[in-house]
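# Descriptive analysis of the structure
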Amino acid sequence: MTGRITIIISSFWVVAVILLAIFGPLAAPADPFSPVGEPLLSPLEHGPMGTDALGRDLWSRILYGARQSLSAALLATTLTVSIGTTLGLIAVLYTSWLGGIILTLANAALAIPGLLLAMLFVAAMGPGYLTVILAIGLGGAPGFIRLSRSIFAQIADEGYVDVARALGAGKLRIARNHILLNAQGPLLSLATTHFAWAFMGITTLTFLGLAGDPSIPEWGVIMNSGRAFLIDAPWLAVVPGALISLTILAVHHLGLELTDRFRPRG
Amino acid sequence: MNKAGCTFKPPILLILAALLLGGCAAQADPHRKLIYGLTLSPSGIDPHINASAELGIPLRSVYDTLIFLDPVTGEFVPGLATAWSISEDGKRYTFELRDDVVFHDATPFDAAAVKANIDYVLNADHHSQKAAALLGPITSVDVIAPDVVVFNLEEPFAPLLDSLSQVYLGMASPQALERWGASEYQFHQVGTGPYRFVEYIPNDRILLERFDGYDWATEIYREPHAGYREIEFRFFEDLATRAIALESGNVDILGEIPPMDAQRLSSSGEFSMHPVPIPGQPLQYLFNTKNEPTDDVRVRTALIHAVDRQMIVETVFMSTSPVALGPLSAEGFGHLLSTNQLAYDLTSAQELMREAGWIADQEGVLRDKDNTAMELTIIAPSWGSNPDVAQLVKVAWEALGAEVTLQIAPGFGPLREAQASGNYHAIGINFFGTDPDILRPMFTSTGLYNWSGYANNELDNSLRLAAQSSLDPVQRQRLYQKSIEHITTQALVLPIRDYVNLVIADNDIAGLRYSAPGWFPLLIELKPTS
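Source: prediction; values computed, not measured. (Residues numbered from 1 in each chain as written. Chains lettered and ligands numbered in written order. Predicted model: local features only at pLDDT ≥ 70, side-chain atom pairs only at ≥ 80, totals over all residues. Heavy atoms only, no water.)

Turning next to the layout of surface pockets. Residues and elements named next belong to chain B. Looking at the second largest pocket, its volume works out to about 980 Å³. As for the second largest pocket, its lining consists of 39 residues, and the residues nearest its centre are Leu-69, Gly-74, Phe-76, Asp-162 and Thr-434. Going through the elements one at a time, helix 6 (160-164), strand 12 (271-277), helix 12 (330-333) and helix 18 (473-489) are the ones with two or more residues in the lining of the second largest pocket. Its residues placed into classes, the lining of the second largest pocket shows 21 nonpolar, 11 polar and 7 charged. Two domains each provide a minimum of three residues to the lining of the second largest pocket, namely domain 2 (35-276 + 502-528) and domain 3 (283-498). (1 Å grid on protein atoms, 1.4 Å probe; cavity = no way out; pocket = protein on both sides within 12 Å on 5 of 7 lines; lining within 4 Å. Points joined across faces, edges and corners; volume = space filled by probe spheres on them. Helix = DSSP H or I, 4+ residues; strand = E, 2+ residues; numbered from the N terminus. Nonpolar A, V, L, I, M, F, W, Y, C, P; charged D, E, K, R; others polar. Domains from an automatic or database assignment.)

Structural data, given as structure tokens:
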């Protein structure tokens, strides 16, 4: 029962954040880049969330930030899923030397945690928002290759795939009409759980100042700039921090629920 | 300092507390250890080799210099040299030295020691980042007598006396330099100052101990002997942790405190705030004159007019710093301020942009005759308040109609790399110093830090001649005034604020005062109030 409630709350939260990302900027009362008043006004002095250290409206920055953080995580996840699915599929179809190489490389990369891999990438490329997205997209790929490969391998062992193969279907045809089609559900659950990781990764790197430009209204960036005022203006860091945590939790729970649903039965 | 733990009243507890809480007992001891916070962990701390201002905070009191710059009068006063004279051609400086000084390792201080120090600094293998440049066109040092030394110069060099008053040219024991060499000396420093160097553990601490034999205090020191037996320096690099470190008693004195924290702490009654003006260049942005559109002086002038510096100072510094009025701070260089003040004036900015061929379209975006939108890139360093200021400059230029990209460079290395790429229109960089010669590397065509790419014979000449006018202060001042007018008329730099270091000190400490360059405390004068 508690699981059900968690799922309902998580769904509501995710829908709310998505709505915020789509319509938030339209509802924002101020430009998220320009000062609107004195710095560090409290929520009581300047509703609903006060102003940040440069006098910008925090509520407007949070609203724009929803779109910024969510779309960045979405882009990074898309990159990871594209790379992961393609290479995972190739590894299943070409079990000989090519699959071996892909798996060995993915396993080697997995020795380094994804977030660290992403940081190494940013260190090499120099800070920047696009670099952060690319880094998280690439950093998550090795894990995704392995997981998607195991899903594909399971399906490739099914009787109907053997039948298709016996009937003379080519590798591409098997991949498209049988493996990918039947892997949609598990892949979706995998991608959802991964989205939570990507969201955490993006906000972690931007919190560390790796976005390059501290004026970007993004939840990790906003939390970082509020960090220096934890005593005088705690809401500056607490609000974006809470939003990030709740969003990660909610998406993660949804991902787990999807995994349960698409778990092979029988 | 553990204040809360010292309020036990019942006698038995009091005795127990006295026995157990060594920290509390130490607080009443006037000879206890003082903890001074540093805000940056330098890559190396040999002042003859490394360039960080942070290293001078402890080491200014480990070394004496040949001369000192009086922070009150601005005059040079005797240090290890009792008198000095400059030859008529300005190429020969003769120093008479004290004969009663010994280094902390008991080596006597004499003319040969001075020569050994200068040779150590000028040794090309040692790659001195600052001290060698401070010596300018020096060619050799001659030992005339044990207490007379002569510096020979290739050409006159007016900043030399100022250079010799700086910690980077503090006199080190020649025996220690010889014994440890350039790679190890930073861990075994030996000077003649009021404090003795005990140890340096990188990223952890620097420990100094009072040198009880100190008997040759310069006249700028108001105390002949140090008040604290030991001073430990610890690193507090993260801005957000500094106020907490003070409040929790982990540090007694700490600089570069954010204005809001500084105000809160000083109104608590336990701490006092010491705003220390730092002479030199203000927090500023150099315009790149090699890239369009900032190659046009009208565009540069417009970009300066578009920035409300007063608002930036009020927002970021809560008015604890003055608005900068030119390429040199008012502190120390008040006589060199430009008459050409580019005030915040959006109308003039728009007018100048129109003159330069940049017309705002219906959405307010500035476009040239080819309909290309104006794109600007700002590169700002990550330290201090630079990122905050850069964001507000970005907003101001966007309000004028430019599309602005802001890039924060995390450290001096990345800043240099970004600069070397040339892909910027404005870049944040500034140096501190007490001699106006700090303009030369930045604004002469071959200068090491000519990041604006500006090259002009007239400006080159006046800055070079000013550096050579050793014996004619009036001529020197006139040349600097001329240079500063040139720099402001050409709008090469957007000055934002003069630096003020907000230092917070525990009220148990008295006598906190700083040397002329601002960053360096006169540790000898510190003493407990009780």
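Read on, since the account is not over.
This next bit is on the pattern of salt bridges. All names here are of chain B. Taken as a whole, this structure holds 24 salt bridges over all chains when the rule is applied. Residue Lys-33 is joined to Glu-232 by a salt bridge in which the shortest nitrogen-to-oxygen separation is 2.8 Å. Taken together, the residues span a long stretch of sequence, with Lys-33 in strand 1 (residues 33-38) and Glu-232 in strand 10 (residues 230-235) at a distance of 199 residues. The class of Lys-33 is partly exposed, set by a relative accessible area of 29%. (Salt bridge = Lys/Arg side-chain N within 4 Å of Asp/Glu carboxyl O. Buried < 20%, exposed > 50% of the residue type's maximum accessible area, 1.4 Å probe, protein only.)

Attention now goes to the nonpolar core. Judged by nonpolar contacts, the single largest core of 119 residues is most densely connected at Leu66(B), Phe109(B), Phe151(B), Ile253(B), Tyr285(B), Val393(B) and Trp397(B). Ranked by residue count, the leading element in this core is helix 14 (residues 386-400) of chain B, at 7 residues. Here this core spans two domains, since at least three of its residues come from each of domain 2 (35-276 + 502-528) and domain 3 (283-498) of chain B. Counting residues in each nonpolar core, the second largest holds 29 residues, with Leu40(A), Ala228(A), Phe229(A) and Ile248(A) among its members. (Core = buried A, V, L, I, M, F, W, Y, C linked by side-chain atoms within 4.5 Å.)

Attention now moves to the domain arrangement of chain B. Residue and element names in this part refer to chain B. According to the domain assignment, chain B consists of domain 1 (1-29), domain 2 (35-276 + 502-528) and domain 3 (283-498). Between domain 2 and domain 3, the C-alpha centre-to-centre distance is 31 Å. Contacts between domain 2 and domain 3 engage 19 residues on the former and 16 residues on the latter. At the boundary of domain 2 with domain 3, total buried surface from both sides reaches about 1,400 Å², with 64% on carbon and sulfur atoms. Where domain 2 packs against domain 3, one counts 0 salt bridges. Inspection of the region where domain 2 meets domain 3 yields 3 residue pairs in polar contact (both at pLDDT 80 or more). Tallying contributions element by element places helix 9 (residues 259-267) first for the side of domain 2 that touches domain 3, with 3 residues. When grouped by side-chain class, the residues that make up the side of domain 2 that touches domain 3 number 13 nonpolar, 3 polar and 3 charged. (Contact = heavy atoms within 4.5 Å. Buried area = accessible area lost by both parts, 1.4 Å probe. Polar contact = N/O pair within 3.5 Å; in protein donor to acceptor, adjacent residues only side chain to side chain.)

A word on helix 9 of chain B. An α-helix turns once per 3.6 residues; consequently, residues spaced three or four apart project the same way. Residue and element names in this part refer to chain B. Within the sequence span of helix 9, burial applies to Pro-259, Asp-261, Ala-262 and Leu-265. Looking down the long axis of helix 9, one finds its buried residues gathered within 160° of arc, a one-sided arrangement. Of the surrounding elements, those touching the buried residues of helix 9 are helix 8 (242-247), strand 12, helix 11 (309-317) and strand 20 (500-506). Phi turns positive, to about 90°, at Gly-269, one or two residues after helix 9. (Arc of directions from axis to C-beta.)

All names here are of chain B. Tracing the backbone through its elements, the reader meets Ala-409 in strand 17 (residues 403-409). With 157 residues separating them in the primary sequence, Ala-409 and Asp-252 have C-alpha atoms 31 Å apart. Each residue touching Ala-409, except ones within four places of it in the same chain, is listed here: Ile-379, Ala-380, Pro-381, Ser-382, Pro-414 and Leu-415.

Another aspect to go through is the packing of helix 11 of chain B against helix 14 of chain B. Residues and elements named next belong to chain B. In the contact formed by helix 11 and helix 14, the axes pass within 10 Å of each other and the chain directions differ by 145°. The interaxial crossing formed by helix 11 with helix 14 has right-handed handedness. Side by side, helix 11 and helix 14 meet where Ile-312, Thr-315, Val-316 and Phe-317 of the first sit next to Asp-388, Val-389, Leu-392 and Val-393 of the second. Looking at the contact of helix 11 with helix 14 residue by residue, the class counts come to 6 nonpolar, 1 polar and 1 charged. (Axes fitted to C-alpha atoms, helices over the stretch in contact; angles between N-to-C directions. Left-handed = near helix turned anticlockwise from the far one by under 90°.)

Moving on: the sheet that holds strand 6 (residues 138-145) of chain B. All names here are of chain B. The strand order across the open sheet formed by 4 strands is 4-5-7-6, and the pairing between neighbours is antiparallel. Sheet topology places strand 4 (81-86) and strand 6 at the edges, where each strand pairs with a single neighbour. Shown here is a sheet whose adjacent strand axes are inclined to one another by a mean of 20°, direction ignored. The sheet contact formed by strand 4 and strand 5 (residues 92-97) spans 5 bridges and is antiparallel. When the sheet's bridge partners are listed, Ile-86 is paired in strand 5 with Tyr-93. Its contacts with the sheet place helix 4 (residues 111-122) against strand 5, strand 6 and strand 7 (148-153), and it is angled at close to 165° to strand 6. (Pairing = 2+ DSSP bridges.)

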